[in-house]
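This is what each chain is made of:
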Amino acid sequence: LTLQWFGNKNVKVVEAPVPAITEPKDVICKVTGTTVCGSDLHLYHKEIMQLQAGDILGHEWMGIVDEVGSEVKNVKKGDRVVASFQIACGTCKFCKEGLTSMCDTTNSSSVQEKLYGKPFAGLFGYSHFAGGFAGGQAEYVRCPFGDTNLLKIPDSVPDEKALFLSDIIPTSYHATVCAEVEKGKSVAIWGAGPIGLLAAKWSKLAGARRVIVIDKIKERLTLARDTIGCDVINFDEETDVVKAIYKLEPDGVDCGIDAAAFRYTKGLLHGVQRAIGMETDSAEIVNEALRAVRKFGNIALVADYAAMTNQFLIGALMEKGITLRGTGQAPVQKYWKDLLKKVESGEFDPTIILSHRFKIDEFKELYEAFDKKEMGIMKTFVQT
Ligand code: NAD
Ligand code: ZN
Ligand code: ZN
């Protein structure tokens, strides 16, 4: 079984043949766990170009090695592994520098080349915009460059924790690194989804003095406050978020992280199509961060922005000497061994955000509920 895309809000669980090894570095895995990610909704809504009917979605997955190509050295049949969401070759210039999410060889999207000069790495299950690889919302997946893109998981770490090393654990950690979160600093995080909340948790573990989380979904803010120990701001009740931040931190916060993006404030309009048509998107969260961050502070954008925007508060960036950093797609392989140790020791528990469990044949219903923000879904584990 696989989850395939057929059009706007049209996904179906469909039988498909088990993929075969086509390259000597390929590994075929039997998937044991997968999930749906906020960024899958861009595909669901056909906001990403280069989607094709029958594309198998899913970039967060783990499983058991079923078959290895002749040049695979690090994993063997029967190993329990998690896959990184990006597909890196491991040998190009960028991969050698540890920048696996910027791999130069696994994505030749013409749209990305036109927009960005050079495409970033291929991703599992994210259309031909990201290399055209079949995804992991399936019972079997072909993993190219298995030695680079699979990590062995010790028996002591259950599937429900290991799965999140594919994306949200390293991504949220990378966001705090890019925002220069350190002991004694104050941090504001826009968005209390999986990425924002786990970034809040990493900030606490790094010894941040204060972590402020901004959202409007009450259950998410409660989790931030009661489970992670953050100050929270509900932007539906507090009309001036920046003022509310200054009330808590009179100098402004040292670090800002945008883990929300504009898509919930402006509707789900985000997409490369718009850039090609030279349309613009709002930068309102970035502007809030630019105003709320202290002079010479840091901001990291981990939320997925594509293309271009107008109404960007460039004056605050310049006059306040702020460092504004895009995180890129997070280079998972740079962090995942170290972060696995923190998960294994119990220091970092990603299941604080796990809210629901599903089975693979319920995927269509899951997409519908996740899209409508029904059932209070935060993060799911889908057993295959
Ligand atoms: P999510 O949709 O679950 O959470 C986003 C949260 O932002 C929601 O709770 C929403 O209520 C809140 N929000 C909306 N408008 C806001 C505003 N004006 N101020 C404050 N909060 C606001 O998403 P997620 O899965 O946590 O992912 C967060 C972002 O990170 C997404 O854009 C996702 O695509 C991106 N992402 C990036 C990477 C990467 O490698 N760079 C990887 C994974 C996800
Ligand atoms: Zn994801
Ligand atoms: Zn590479």
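Residues numbered from 1 in each chain as written. Chains lettered and ligands numbered in written order. Predicted model: local features only at pLDDT ≥ 70, side-chain atom pairs only at ≥ 80, totals over all residues. Heavy atoms only, no water.

*Asks:* How would you summarise the overall build of the chain if you had to cite specific residues and measurements?
*Replies:* Counting its regular elements, the chain contains 14 helices and 18 strands. Computed over its C-alpha atoms, the radius of gyration of the chain comes to 20 Å, within 12% of the 21 Å expected for a compact globule of 384 residues. Taken along its principal axes, the extent of the C-alpha atoms in the chain is 60 × 50 × 45 Å. Residue burial in the chain is summarised as follows: out of 384 residues, 54% are buried. Long-range contacts, defined here as pairs at least 24 residues apart, represent 72% of the contacts in the chain between residues at least 6 apart. Total accessible area on the chain stands at roughly 16,100 Å², and carbon and sulfur atoms take up 50% of it. (Helix = DSSP H or I, 4+ residues; strand = E, 2+ residues; numbered from the N terminus. Rg over C-alpha atoms; globule rule 2.2 N^0.38 Å. Buried < 20%, exposed > 50% of the residue type's maximum accessible area, 1.4 Å probe, protein only. Contact = heavy atoms within 4.5 Å. Areas by Shrake-Rupley, 256 points an atom, 1.4 Å probe, with all protein chains shown as cover.)

*Asks:* Can you break down the pairing of strand β3 (residues 27–34) residue by residue, with the values?
*Replies:* With seven of eight residues buried, β3 is to be regarded as a mostly interior element. With seven bridges connecting them, β3 and strand β5 (residues 61–68) associate as antiparallel partners. Looking at the pairing, valine 27 lines up with valine 68 of β5. Of the strand pairs in this sheet, β3 and strand β9 (residues 140–143) are connected by four bridges, and their pairing is antiparallel. Pairing of isoleucine 28 across the sheet is with arginine 142, part of β9. Inspection of the sheet shows β3 paired to strand β18 (residues 379–383) by two bridges, in the antiparallel sense. Within the sheet, the bridge partner assigned to glycine 33 lies in β18 and is glutamine 383. (Pairing = 2+ DSSP bridges.)

*Asks:* Can you tell me about the coordination of the zinc ion (ligand 3), naming the residues and giving the values?
*Replies:* Looking at the zinc ion (ligand 3), one finds its protein donor set to be Cys89 (SG), Cys92 (SG), Cys95 (SG) and Cys103 (SG), positioned 2.3 to 2.4 Å from the metal centre. Classification of the site at the zinc ion (ligand 3) as tetrahedral follows from its four donor atoms and the range of 103 to 117 degrees in their angles at the metal. Mapped onto the sequence, the donors of the zinc ion (ligand 3) take the spacing C-x2-C-x2-C-x7-C. In this pair, cysteine 89 sits in the loop between β7 (86–87) and α2 (93–96) while cysteine 103 sits in the loop between α2 and α3 (110–116), placing the two residues 14 residues apart along the sequence. Accessibility expressed as a relative area gives 6% for cysteine 89, which makes it buried. (Donors = N, O, S within 2.8 Å, 3.2 Å for Na, K, Ca; no water. Tetrahedral: all angles 85-135°; square planar, octahedral: opposite > 155°, others 65-115°.)

*Asks:* Pulling in residues and values, what's your account of the coordination of the zinc ion (ligand 2)?
*Replies:* Protein ligation of the zinc ion (ligand 2) involves Cys37 (SG), His59 (NE2), Glu60 (OE) and Asp167 (OD), the donor distances falling in the range 2.0 to 2.4 Å. Read from N- to C-terminus, the donor residues coordinating the zinc ion (ligand 2) fall into the pattern C-x21-H-E-x106-D. Of this pair, cysteine 37 sits in the loop between β3 and α1 (40–44) while histidine 59 sits in the loop between β4 (55–56) and β5, placing them 22 residues apart in sequence. Owing to a relative accessible area of 10%, cysteine 37 belongs among the buried residues under this scheme.

*Asks:* Residue-level account of the site of ligand 1, with values.
*Replies:* The environment of ligand 1 is made up of 29 residues, and the closest members are Asp215, Arg220, Asp304, Gly328 and Ala330. Arginine 220 places a polar side-chain atom, nitrogen or oxygen, 2.8 Å from an oxygen atom of ligand 1. A distance of 3.4 Å separates an oxygen atom of ligand 1 from a polar atom in the side chain of glutamine 329. Its free accessible area being 860 Å², ligand 1 has 97% of it covered by the protein chains. Sorting the residues of the shell around ligand 1 by element identifies α7 (194–205) and β12 (210–215) as the ones contributing at least two each. Taken together, the residues that form the shell around ligand 1 break down as 15 nonpolar, nine polar and five charged. (Near = heavy atom within 4 Å. Polar contact = N/O pair within 3.5 Å; in protein donor to acceptor, adjacent residues only side chain to side chain. Nonpolar A, V, L, I, M, F, W, Y, C, P; charged D, E, K, R; others polar.)

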